Amino acid sequence: MFEFEQLDEELKKQLSLYAPDFYRIVDVVTHDVFDYRKGELIKTHQKCYQIWNMNTPCTNCTSSRAVKENKNVIKLGFLDNHIFLIHSVPVNIDNRSYSVEVIQDVSSSFLLQENNLQKADEAVCLISLFNERIMKDSSTNLFNKQYLFESLPSMMKHAQCEKQPLSLAVLDVDHFKRVNDLYGHLFGDEVILKIANALKALMNESVHSARAGGDEFAVIFENIDQSEALAICDKATRPLASLRFELHPEYSIAISYGVAAMRENDTVESFINRADRMMYAMKKKKMCDKGF
């Protein structure tokens, strides 16, 4: 490959035909969209996800990742039977980080035609699968740790602006290393899947379940207070304790969890750490109750 800047100017002019069609500036915390003219941001009163006919932020927000990782990130979008290639580029305006989304209609490159609905449907499925796969845990199909850390900041900001409660649960399987040591990793994977299915059943527009890694899980509860979130966790985990496995009927799943309510001055780290401490407090109480 060769540096584009070294390319002959005449050929560069011909390639200008492939220039982007649209741009917009996105505040990755509030998801507000701006134009930029004469050195000033101009608010459009539109959220970045609304153009894609969505009611909530994208699962895989490339603009958030571009700003967080300070690098260009690309994805495909689909609207009105057109496929768009979106480059999210981090920029700094008035000492604040934004993403410039540079958008190009690449429908013809995908041989997608307006009157070919079957191809359009296939394109939607493929693009959705591609975009969501990055934010999903491949083993459980729950959201992954990346989703947790990229989506939680905007959810916290939204809750603050709307003066709505936001709760976070951190869940952990008790003595999971012992499970793997005694019964093997394949059985351990089966245990993880049973828990994942229980947490997946909770998911809706307000409840988002994620696998943070290993035997650790997290659930975000939008517009749900701490007491209700605790009740939901209890209802979801209680049946798991009575679940029995054919190969090892003597084993029963034990889960500890902690639920924190967002506070005014919380950061993502302080919010997660508080829920984590509450989870370990439950784990410690169980050990004390058993005389350990």
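Residues numbered from 1 in each chain as written. Predicted model: local features only at pLDDT ≥ 70, side-chain atom pairs only at ≥ 80, totals over all residues. Heavy atoms only, no water.

Novice: Any chance you could explain the packing of aromatic side chains here in plain terms?
Specialist: The description of an aromatic ring pair rests on the distance of the ring centres and on the angle between the ring planes. For the coordinates displayed, the defined rule picks out nine aromatic pairs. Consider the rings of Phe187 and Phe245, whose centres lie 5.0 Å apart with planes at 70°: the pair is edge-to-face. With Phe187 in helix 6 (residues 185–200) and Phe245 in the loop between helix 7 (226–241) and strand 10 (255–261), this pair connects stretches of sequence that are 58 residues apart. Each member of the pair, Phe187 as well as Phe245, is classed as buried. Ring pairing ties together the aromatic residues Tyr183, Phe187, Phe245 and Tyr251, which thus form one cluster. (Phe/Tyr/Trp six-rings, centres within 6.5 Å; stacked < 30°, edge-to-face > 60°. Helix = DSSP H or I, 4+ residues; strand = E, 2+ residues; numbered from the N terminus. Buried < 20%, exposed > 50% of the residue type's maximum accessible area, 1.4 Å probe, protein only.)

Novice: Would you mind going over the nonpolar core with me for this structure?
Specialist: Note on soluble globular proteins: their nonpolar side chains tend to be buried together. Leu171, Val191, Ile195, Phe217, Phe221, Tyr251 and Ile253 are the most contacted members of the largest nonpolar core, which has 29 residues in total. Elements that contribute at least two residues to this core include exactly strand 7 (166–173), helix 5 (176–183), helix 6, strand 9 (216–222), helix 7 and strand 10. For this core, the element with the most residues is helix 6, which contributes seven residues. Excluding anything up to four places from it in sequence, Phe221 contacts Pro165, Leu166, Ser167, Ala169, Ser206, Val207, Ala229, Ile232 and Cys233. Formed by 21 residues, the second largest nonpolar core is a distinct cluster that contains Met135, Phe143, Leu168 and Met262. (Core = buried A, V, L, I, M, F, W, Y, C linked by side-chain atoms within 4.5 Å. Contact = heavy atoms within 4.5 Å.)

Novice: How should the environment of Ala229 be read in this particular structure?
Specialist: Along the chain, the position of Ala229 falls in helix 7. Given the relative accessible area of 0%, Ala229 is considered buried. Sequence separation between Ala229 and Val219 is 10 residues, and the spatial gap between their C-alpha atoms is 9.1 Å. Those residues in contact with Ala229, other than ones at most four positions away along the chain, are Ser167, Phe221, Ile224 and Val259.

Novice: Please clarify how the packing of helix 5 against helix 6 should be interpreted in this entry.
Specialist: The axes of two packed helices give the description: the angle between them and the distance between them. Relative to each other, helix 5 and helix 6 sit at 135°, their axes nearing to 7 Å. Overall, the two elements helix 5 and helix 6 adopt an arrangement that is oblique. Side by side, helix 5 and helix 6 meet where Phe176, Val179, Asn180 and Tyr183 of the first sit next to His185, Phe187, Gly188, Val191 and Ile192 of the second. For the contact of helix 5 with helix 6, the per-class residue count stands at six nonpolar, three polar and no charged. (Axes fitted to C-alpha atoms, helices over the stretch in contact; angles between N-to-C directions. Parallel < 35°, antiparallel > 145°, perpendicular 65-115°, else oblique. Nonpolar A, V, L, I, M, F, W, Y, C, P; charged D, E, K, R; others polar.)

Novice: Please clarify how helix 7 should be interpreted in this entry.
Specialist: Residues lying three or four places apart along an α-helix face the same way, a consequence of the helix completing one turn every 3.6 residues. With 16 residues, helix 7 should reach 22 Å at 1.5 Å per residue; the first-to-last C-alpha distance of 23 Å fits that figure. Every buried residue of helix 7 is accounted for by Ala229, Cys233, Ala236, Thr237 and Leu240. (Expected span 1.5 Å × (residues − 1).)

Novice: I keep staring at the side chain of Glu222 and nothing clicks. Help me out?
Specialist: Assignment of secondary structure puts Glu222 in strand 9. There is no salt bridge for the buried Glu222, and the closest opposite charge comes from Lys47, which lies 12 Å off by N-O distance. Only 2.8 Å separates the side chain of Glu222 from the side chain of His208, close enough to count as a polar contact. If we ignore the near neighbours within four places in the chain, the residues touching Glu222 are Met155, Pro165, Leu166, Glu205, Ser206 and His208. (Lys, Arg positive; Asp, Glu negative; His and termini not counted. Salt bridge = Lys/Arg side-chain N within 4 Å of Asp/Glu carboxyl O. Polar contact = N/O pair within 3.5 Å; in protein donor to acceptor, adjacent residues only side chain to side chain.)

Novice: Mind showing me how you'd approach the pattern of salt bridges here?
Specialist: Oppositely charged side chains are able to pair whenever their charged atoms sit close together. Across all of its chains, the model carries 14 salt bridges by this definition. Between Lys71 and Glu69 there is a salt bridge, with the nearest N and O atoms lying 3.1 Å from each other. Exposure remark for Lys71: the relative accessible area of 43% places this residue in the partly exposed category. For Asp234, the salt bridge identified is with Arg238, shortest N-O distance 2.8 Å. Taken together, the positions of Asp234 and Arg238, both in helix 7 and four residues apart, correspond to about one turn of that helix.

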